[in-house]
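# Remarks on the overall topology
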There are 2 protein chains.
Amino acid sequence: MADGRKKKFIKELQEKSRVRKESGLFTVDGPKMCREVPVELVREVYVTESFLKSSHAEICSDLLKYKGFETVTDSDMKQISDTVTPQGILVVAEQIKTKGIRDIVSFNGTDAPLLLILETLQDPGNLGTIIRAAEAAGVTGIIMNDTTADVYSPKVVRSTMGSLFRVPFIYVTDVIKACDLLKRGEFTEGNKVDILAADLNGNTDYTLYDYRKPCAFMIGNESKGLSEEAKSCASKRIRIPMEGKVESLNAAMAATVIGFEAARQRRL
Amino acid sequence: MADGRKKKFIKELQEKSRVRKESGLFTVDGPKMCREVPVELVREVYVTESFLKSSHAEICSDLLKYKGFETVTDSDMKQISDTVTPQGILVVAEQIKTKGIRDIVSFNGTDAPLLLILETLQDPGNLGTIIRAAEAAGVTGIIMNDTTADVYSPKVVRSTMGSLFRVPFIYVTDVIKACDLLKRGEFTEGNKVDILAADLNGNTDYTLYDYRKPCAFMIGNESKGLSEEAKSCASKRIRIPMEGKVESLNAAMAATVIGFEAARQRRL
């Protein structure tokens with residue numbers, strides 16, 4: 001990998017959200033995550049000699065077979081990987097294309113979407129954990145405003161453990177407008193989507209809402225919670241009752257607790 | 001703060017679990033956490049001049065009034081604090097004394113304890129988050145084996161957001177023996193405590209168990225889960241059903257999901 005410019009570009013893809021946005025690309029690191037990348041999104045594959053000889057190569061055999069790869073030295077891999085101990089494989093991939101909110105809402109033909117709306121969630125680790133928990137809870141789609149962290153940053157990609165490629169998501173500029181359209185049933189043939197705001201001062205115990213209906217729950221920023229506009233556009237403000245003297249749950253915990261209550265009810 | 005040995009000792013308290021164990025001390029950093037330390041545990045208080053002039057001093061006024069403090073330079077604080085941007089106050093505190101499992105189990109006179117048992121949980125951030133979520137869910141006590149991370153490490157202390165001082169906990173050498181005693185009702189006047197093991201291959205949906213009974217749920221190591229012995233000693237193996245292709249939830253998520261289901265049922 002003699003090309004210094006290429007190395008620099010890969011580093012920038014990891015470090016700069018702007019470079020990811022402009023190029024429409026991102027990086028994926030390590031065998032477990034690389035094998036999750038849908039083949040049609042794979043642009044370039046870099047591996048080390050020792051990786052090819054290791055048992056991990058097996059996990060990624062389809063990727064190596066169908067997409068071709070470039071062998072790089074351990075030292076090159078160390079330079080292009082964003083992890084402290086690189087695992088010998090790195091993929092440059094195209095970002096997932098989403099047509100619009102309608103696709104997110106009706107994903108897999110559901111007529112009772114369970115949506116998660118994130119407003120200005122800023123910690124990459126939180127965002128990754130939330131996407132993973134959301135998939136596990138059966139969330140059908142995620143809508144984020146554009147001041148939410150970039151899902152394509154290496155830390156988010158890693159902490160989703162592959163859920164990134166399986167839960168449909170979209171960034172919108174105006175999340176309030178999106179909520180208004182959802183409420184009117186704009187994307188669901190008139191079938192109205194209930195908007196719920198997770199709010200420490202909410203008046204509805206989150207377990208007393210019926211999540212079997214088409215609905216979307218909104219989680220706000222880690223320290224400030226949801227904006228007043230977001231709370232105002234919700235049809236219900238739900239609260240997670242807390243024992244002891246805990247002031248709040250972190251955003252990932254709150255999203256998980258609500259998501260799994262919805263999952264429980266949807267299994268009934 | 002001319003005394004170099006003192007500085008060194010405080011750094012060691014932060015960095016070395018062994019030093020914390022031998023001295024029975026630990027450090028707490030920042031105004032929000034420092035004001036949570038029960039006054040009887042406070043041994044030393046260090047503050048900077050700028051802290052005393054700031055609005056944060058107000059939060060800690062009781063601490064400063066009743067316990068006395070030593071003023072240190074910003075540079076000293078930087079050296080003794082384990083955070084990148086120290087907030088100007090650091091407390092050296094005594095570790096919480098626990099008499100034994102009986103005290104944990106019957107904390108606040110409950111006759112229906114909801115216990116959390118942690119086996120070899122190793123990530124400090126996870127442990128802190130779990131303790132915080134446990135308090136919020138109404139967990140009455142936490143039992144950990146001694147290969148679980150040290151709750152007094154700065155990262156755990158910080159991420160509990162004060163729950164460390166409010167949820168009773170104990171470390172035990174033999175967690176299986178503790179479970180056996182709980183099962184026989186040894187600490188509960190014959191009132192048997194059900195032991196539940198969180199297990200990806202469990203046969204009971206976690207929402208179908210009645211948590212209003214005296215019970216304890218066990219969460220295992222981040223990558224390996226619970227040991228076979230731990231699973232064998234449980235009366236039920238509970239599983240969190242997951243949608244999509246998620247292989248597992250992280251330990252903190254699993255503990256939170258189970259804890260809040262127990263809380264929901266206990267409110268019914």
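Given the structure is predicted, the values throughout are model-derived calculations rather than measurements.

## A few points about the overall build of chain A
Of regular secondary structure, chain A possesses 13 helices and eleven strands. Expected size for 268 residues packed as a compact globule is a radius of gyration near 18 Å; at 20 Å, chain A falls within 12% of this value. Projecting the C-alpha coordinates of chain A onto the three principal axes gives extents of approximately 60 × 45 × 35 Å. Expressed as a percentage of its 268 residues, the buried residues of chain A come to 54%. Partitioning the contacts of chain A with sequence separation of at least 6, the portion at a separation of at least 24 is 75%. Total accessible area computed for chain A in this model is approximately 12100 Å², and 48% of it derives from carbon and sulfur atoms. A gap of 1 Å separates the mean positions of the 38 positive and 37 negative side-chain charges of chain A.

## A word on the interface of chain A and chain B
At the junction of the two partners, chain A supplies 32 residues and chain B supplies 32 residues. Interface area for chain A against chain B, summed over the two sides, is near 2600 Å², with a carbon-plus-sulfur share of 61%. Our enumeration of links across chain A and chain B arrives at six salt bridges. For Arg 264 of chain B, the salt bridge identified is with Glu 261 of chain A, shortest N-O distance 3.8 Å. With eight residues, helix H13 (residues 251-267) of chain A is the single largest residue contributor to the side of chain A that touches chain B. The residue makeup of the side of chain A that touches chain B, split by class, is 13 nonpolar, eight polar and eleven charged.

## Let's talk about the packing of aromatic side chains
Enumeration over the complete set of coordinates arrives at eight aromatic pairs over all chains. A ring pair is formed by Phe 26 of chain A and Phe 165 of chain A, whose centres lie 6.3 Å apart and whose planes are at 35°; its orientation type is tilted. Note that Phe 26 of chain A is positioned in strand E1 (residues 25-29) and Phe 165 of chain A in the loop between helix H10 (154-160) and strand E7 (169-172), a separation of 139 residues in sequence. Of the residues examined, Phe 26 of chain A reaches a relative accessible area of 0% and is grouped as buried. Their ring planes at 50° and their centres at 4.5 Å tell us that Phe 26 of chain B and Tyr 152 of chain B sit as a pair that is tilted. Of the two residues, Phe 26 of chain B is situated in strand E1 (residues 25-29) and Tyr 152 of chain B in the loop between strand E6 (141-145) and helix H10 (154-160); the sequence distance between them amounts to 126 residues. Grouping aromatic residues by their ring pairs yields a cluster made of Phe 26, Tyr 152, Phe 165 and Phe 169 of chain A.

## Notes on empty space enclosed by the protein
Residues and elements named next belong to chain B. Enumeration according to the criterion identifies five cavities of 30 Å³ or more in this entry. Estimates place the volume of the largest cavity at around 70 Å³. Gln 14, Thr 27, Val 28, Asp 29, Met 33, Asp 82, Pro 154, Val 157 and Arg 158 are the residues that line the largest cavity. Contributing elements (two or more residues each) for the lining of the largest cavity: E1 and H10. Looking at the lining of the largest cavity, its residues break down into four nonpolar, two polar and three charged.

## Quick notes on the sheet that holds E1 of chain A
Residue and element names in this part refer to chain A. Strand order in the open sheet formed by four strands is E1-E4-E2-E3, with mixed pairing between adjacent strands. Each end of this open sheet is capped by a strand with a single partner; those strands are E1 and strand E3 (70-72). Strand after strand, the sheet turns through a mean of 25° between neighbouring axes, direction not considered. Where strand E2 (residues 42-48) meets strand E4 (residues 89-94), five bridges bridge the pair, whose relative direction is antiparallel.

## Section: the sheet that holds strand E8 (residues 194-198) of chain A
All names here are of chain A. Overall, parallel pairing links the seven strands, which are arranged E7-E6-E5-E10-E8-E11-E9 in an open sheet. One side of each edge strand has no neighbouring strand; the edge strands of this open sheet are E7 and strand E9 (204-205). Pairing of E8 with strand E10 (residues 215-219) involves four bridges; the strand directions are parallel. Considered in E10, the bridge of Ala 197 is made with Met 218. The sheet contacts of helix H11 (residues 175-183) involve strand E5 (114-118), strand E6 (141-145), E7, E8 and E10, and relative to E5 the element is tilted by about 160°. Along the sheet, H13 makes contact with E5, E8, E10 and strand E11 (236-239), crossing E10 at roughly 165°.

## Overview of the environment of Ser 61 of chain A
When you line up the elements, Ser 61 of chain A lands in helix H6 (residues 61-67). Between the C-alpha atoms of Ser 61 of chain A and Thr 256 of chain A, which are 195 residues apart in sequence, the distance is 34 Å.

Calculation criteria
- Residues numbered from 1 in each chain as written.
- Chains lettered and ligands numbered in written order.
- Predicted model: local features only at pLDDT ≥ 70, side-chain atom pairs only at ≥ 80, totals over all residues.
- Heavy atoms only, no water.
- Helix = DSSP H or I, 4+ residues; strand = E, 2+ residues; numbered from the N terminus.
- Rg over C-alpha atoms; globule rule 2.2 N^0.38 Å.
- Buried < 20%, exposed > 50% of the residue type's maximum accessible area, 1.4 Å probe, protein only.
- Contact = heavy atoms within 4.5 Å.
- Areas by Shrake-Rupley, 256 points an atom, 1.4 Å probe, with all protein chains shown as cover.
- Lys, Arg positive; Asp, Glu negative; His and termini not counted.
- Charge placed at Lys NZ, Arg CZ, Asp CG, Glu CD.
- Buried area = accessible area lost by both parts, 1.4 Å probe.
- Salt bridge = Lys/Arg side-chain N within 4 Å of Asp/Glu carboxyl O.
- Nonpolar A, V, L, I, M, F, W, Y, C, P; charged D, E, K, R; others polar.
- Phe/Tyr/Trp six-rings, centres within 6.5 Å; stacked < 30°, edge-to-face > 60°.
- 1 Å grid on protein atoms, 1.4 Å probe; cavity = no way out; pocket = protein on both sides within 12 Å on 5 of 7 lines; lining within 4 Å.
- Points joined across faces, edges and corners; volume = space filled by probe spheres on them.
- Pairing = 2+ DSSP bridges.
- Axes fitted to C-alpha atoms, helices over the stretch in contact; angles between N-to-C directions.

By themselves, these observations are geometric and do not establish any function.
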